[in-house]
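If you want the building blocks of each chain, they are given just below.
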Amino acid sequence: MTARVLIHVQHLLGIGHLQRAAAIAGALQHRGAKVVLATGGVPVPQVEAALEQRGVSVVRLAAARAADSSFSALLDAQGNAIDDAWKARRREAVLQLFKDTAPDALITEMYPFGRRPFRFELEPLLEAARHRADPPLIACSVRDILVTKEKPGRAEAMAETARQCFDLVLVHSDPKLIPFAATFPLAATIEDLIRYTGYVTEAKLETASADRSAGEILISAGGGAVGRPLLQAALAARALSFERTRPWRLITGGNLPQEDFERLQQEAQGFTVERFRTDFKELLAHCRVSVSQGGYNTVLEILATRTPAVVVPFAEGVESEQTDRARLLHEKGLLRLLPAPELDPMRLAEEIDRASVMTIPPFTINLDGARQSAALILDALAKRAA
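Analysis parameters
- Residues numbered from 1 in each chain as written.
- Predicted model: local features only at pLDDT ≥ 70, side-chain atom pairs only at ≥ 80, totals over all residues.
- Heavy atoms only, no water.
- Core = buried A, V, L, I, M, F, W, Y, C linked by side-chain atoms within 4.5 Å.
- Buried < 20%, exposed > 50% of the residue type's maximum accessible area, 1.4 Å probe, protein only.
- Helix = DSSP H or I, 4+ residues; strand = E, 2+ residues; numbered from the N terminus.
- Contact = heavy atoms within 4.5 Å.
- Expected span 1.5 Å × (residues − 1).
- Polar contact = N/O pair within 3.5 Å; in protein donor to acceptor, adjacent residues only side chain to side chain.
- Salt bridge = Lys/Arg side-chain N within 4 Å of Asp/Glu carboxyl O.
- Axes fitted to C-alpha atoms, helices over the stretch in contact; angles between N-to-C directions.
- Parallel < 35°, antiparallel > 145°, perpendicular 65-115°, else oblique.
- Left-handed = near helix turned anticlockwise from the far one by under 90°.
- Nonpolar A, V, L, I, M, F, W, Y, C, P; charged D, E, K, R; others polar.
- Pairing = 2+ DSSP bridges.
- Right-handed = clockwise from strand over helix to strand, strands pointing away.
- Lys, Arg positive; Asp, Glu negative; His and termini not counted.

A.B. asks: Which residues make up the nonpolar core, and what are the values?
C.D. replies: Side chains of a nonpolar character, in soluble globular proteins, are inclined to be buried together. If you look at the biggest cluster of nonpolar residues, it comprises 60 residues, and the most contacted ones within it are Ile7, Leu28, Leu37 and Ile377. Sorting elements by how many residues they give to this core places helix α1 (residues 16-30) first, with 7 residues. Once residues within four sequence positions are removed from consideration, leucine 28 is found in contact with Val5, Ile7, Ala33, Val35, Ile107, Ala374, Ile377 and Leu378. Listed in part, the 41 residues of the second largest apolar core include Ala162, Phe166, Val169 and Phe184.

Below is the structure:
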């Protein structure tokens, strides 16, 4: 019998959450499952179209996004603050989708380890799943690093929800590099639920370092929504770096405001300035040094290609995820860390120069997270049916 799987994902600022969920959805579909992915963020047509080409059904919920990098407020597609009526409509849409899909497996992306502002729909969804006559397998899909939770009792509440509502916690990490306990102190209390899948990425681990002698300095800002300070620092850093005679390329990301993009083009004399490159992984594999923020996908591509790198983590507001990931990998000698508060042209130039001569120690990393996540879900369903 074909397994039916429903995945709920909500991205708010970047698109890493959606990309991980999409990769798992594609892997499940490849294994013969019938997958419905419900996405509640701003539409990302290229990701959604690729999923639909693979046979995954994409359902767009009413879109929500973060008002700013502090995540202090949520806005709807028109830029208005979401209200109780909006929440009620989306909750009903989610519950109706669950009823119509009748999934054998339900996967929530991040919750209960994140996405608490969406409890208005996730708690009723989990209740509907748990109290159905034939409850589905319920799994959480969660990245390697959690945002630090300073509120007392928050970690205990997460662990309790995981224990009460979930059958599996799929941690998209390699415990040799970053165990879940590194940022979730109560991981041991739900150890029987945790399954390490490896990292979810399309990147493939290179067996040896590429020849980078003629490589460029590659500065990238992820989606671009919060990358302008890094891009501006890079403009001034070039003249201060021993690598100034090389080509320097800025990839701004699609979400950098158009006026900022045009200003960069005017100011970046001698630089190549682009919004996006479909061959980014190829550029990364052959550049002299990569300079970027510390998002999940970019860091994995850096590791996979064994690229000398300077990471300047996004750390505004309550965000600690990128800083924690970069710090743990810096301690292993796998990249250079430049904390965001220390970012200025001179420090950036110094770190680029250090990275250009760094020797990356041998390491292995499991990058098969999408396939292994699909296998864990489908194997668990097979055991239930046996």
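A.B. asks: Describe helix α11 (residues 345-356), and please don't skip the residues or the numbers.
C.D. replies: With 12 residues, α11 ought to run about 16 Å at 1.5 Å a step, and its terminal C-alpha atoms sit 16 Å apart, in line with that. By the burial criterion, the buried members of α11 are Leu348, Ala349, Glu351, Ile352, Asp353, Ala355 and Ser356. The inward-facing, buried residues of α11 contact β10 (217-220), α6 (228-237), β11 (248-251), β13 (289-292), β14 (309-311) and β15 (336-337). Sitting at the amino-terminal end of α11 is aspartate 344, which places a side-chain oxygen 3.1 Å from the backbone nitrogen of methionine 346.

A.B. asks: Could you give an account of the environment of phenylalanine 276, with specific residues and numbers?
C.D. replies: Tracing the chain through its elements places phenylalanine 276 in the loop between β12 (272-274) and α8 (280-286). For the pair phenylalanine 276 and leucine 137, spaced 139 residues apart in sequence, the C-alpha to C-alpha distance is 39 Å.

A.B. asks: Now, about the pattern of salt bridges: what can you tell me, with residues and values included?
C.D. replies: Enumeration according to the criterion identifies 27 salt bridges in this entry. A salt bridge links arginine 249 to glutamate 216; the nearest nitrogen and oxygen atoms lie 2.9 Å apart. You can see arginine 249 sitting in strand β11 and its partner glutamate 216 sitting in the loop between β9 (194-196) and β10, a full 33 residues away along the chain. Like glutamate 216, arginine 249 is buried. Note that arginine 354 is salt-bridged to glutamate 351, the shortest N-O span being 3.0 Å. Of this pair, arginine 354 and glutamate 351 both sit in helix α11, 3 residues apart, which is roughly one turn of the helix. Classification of arginine 354 by relative accessible area gives partly exposed; the value is 40%. Its relative accessible area of 3% is what places glutamate 351 among the buried residues.

A.B. asks: With reference to specific residues and values, describe the packing of helix α3 (residues 84-101) against helix α4 (residues 119-130).
C.D. replies: In contact at an axis separation of 9 Å, α3 and α4 are set at 25 degrees when each is read in the N-to-C sense. Taken as axis vectors, α3 and α4 run roughly parallel relative to one another. The two elements α3 and α4 meet at a crossing, and its hand is right-handed. Contacts between α3 and α4 pair Trp86, Lys87, Arg90, Arg91, Val94, Leu95 and Phe98 from the former with Phe120, Glu121, Pro124, Leu125, Ala128 and Ala129 from the latter. Counted by class, the contact of α3 with α4 contains 9 nonpolar, no polar and 4 charged residues.

A.B. asks: Explain the sheet that holds strand β6 (residues 105-109) to me, using residue names and the numbers behind them.
C.D. replies: What the 7 strands build is an open sheet, ordered β3-β2-β1-β6-β7-β8-β9; its pairing is parallel. Only two strands of the sheet have a single neighbouring strand rather than two, namely β3 (57-60) and β9. Within this sheet the neighbouring strands show an average axis-to-axis angle of 20 degrees, counted without direction. Sheet analysis places strand β1 (residues 4-9) next to β6, joined by 4 bridges and oriented parallel. Bridge pairing links isoleucine 7 to isoleucine 107 in β6. Across the sheet, α1 lies against β1, β2 (34-39), β6, β7 (137-143) and β8 (168-172), angled at about 170 degrees from β2, the strand it touches most.

A.B. asks: Describe the pairing of β6, with residues and values.
C.D. replies: Counting buried positions along β6 yields 5 of 5 residues, so the element is predominantly enclosed. A two-sided burial pattern is seen for β6, the buried positions comprising Ala105, Ile107 and Glu109 on one face and Leu106 and Thr108 on the other. Judged from the 5 bridges that link them, β6 and β7 form a sheet pairing that is parallel. Residue pairing across strands places isoleucine 107 opposite alanine 139, the latter belonging to β7. Each parallel crossover has a hand, and for β6 linked through α4 to β7 it is right-handed.

A.B. asks: So what's going on with the side chain of arginine 288? Which residues, and what values?
C.D. replies: Along the polypeptide, arginine 288 turns up in the loop between α8 and β13. Notably, arginine 288 is buried but unbridged: the nearest opposite-charge side chain belongs to glutamate 243, and the N-O separation is 4.3 Å. Among residues more than four places away in sequence, those in contact with arginine 288 are Arg212, Ser213, Gly215, Glu216, Ile217, Glu243, Arg246, Pro308 and Ser356.

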